[in-house]
Amino acid sequence: MDEQKKIEHQIELATRAAALVKDETTSRGFRSFAEEMRQKLRRMMRRGKVRARAYELWEQAGRPADRDLEFWLEAERQVEEERESRKGPAPS
């Protein structure tokens, strides 16, 4: 089972447990854990997108040596820009 599937499984189990447990403190703990795992999953998926974009940029530039950080930072900027544009305009 790959890392993403493991995290998704943990989220599912914690969410189910939170719904079944009668003790509010324990239920809150399960919900909190599930949210932490969701955030970890989002970060992991974002990192994969950045990695793929950085590789594309590197290839488009002719695969130059010693410019990894430059391509990584540009990829991060582009992925974040896409994420922001999907959110839509900020409310005024």
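Residues numbered from 1 in each chain as written. Predicted model: local features only at pLDDT ≥ 70, side-chain atom pairs only at ≥ 80, totals over all residues. Heavy atoms only, no water.

(A) Structural context of the side chain of Gln-78. With respect to the helices, strands and loops of the structure, Gln-78 is situated in helix H3 (residues 68–87). Among residues more than four places away in sequence, those in contact with Gln-78 are Arg-53 and Leu-57. (Helix = DSSP H or I, 4+ residues; strand = E, 2+ residues; numbered from the N terminus. Contact = heavy atoms within 4.5 Å.)

(B) View of unusual backbone geometry. Although it is not a glycine, Arg-63 adopts a positive phi angle of roughly 55°. Examined against the element boundaries, Arg-63 turns out to sit in the loop between helix H2 (24–60) and H3. In the Ramachandran plot, Asp-66 falls in the positive-phi region, its phi being about 60° despite a non-glycine side chain. By secondary structure assignment, the location of Asp-66 is in the loop between H2 and H3. Asp-66 sits in the exposed class, given a relative accessible area of 75%. (Buried < 20%, exposed > 50% of the residue type's maximum accessible area, 1.4 Å probe, protein only.)

(C) Representation of the packing of aromatic side chains. One pass over the structure, following the stated rule, counts one aromatic pair. Relative to Trp-58, the ring of Tyr-55 lies with its centre 5.4 Å away and its plane at 45°, an arrangement referred to as tilted. Linking Tyr-55 with Trp-58, this pair stays in helix H2, spanning three residues, or about one helical turn. Given the relative accessible area of 26%, Trp-58 is considered partly exposed. (Phe/Tyr/Trp six-rings, centres within 6.5 Å; stacked < 30°, edge-to-face > 60°.)

Honestly, it's all geometry; don't read function into it.
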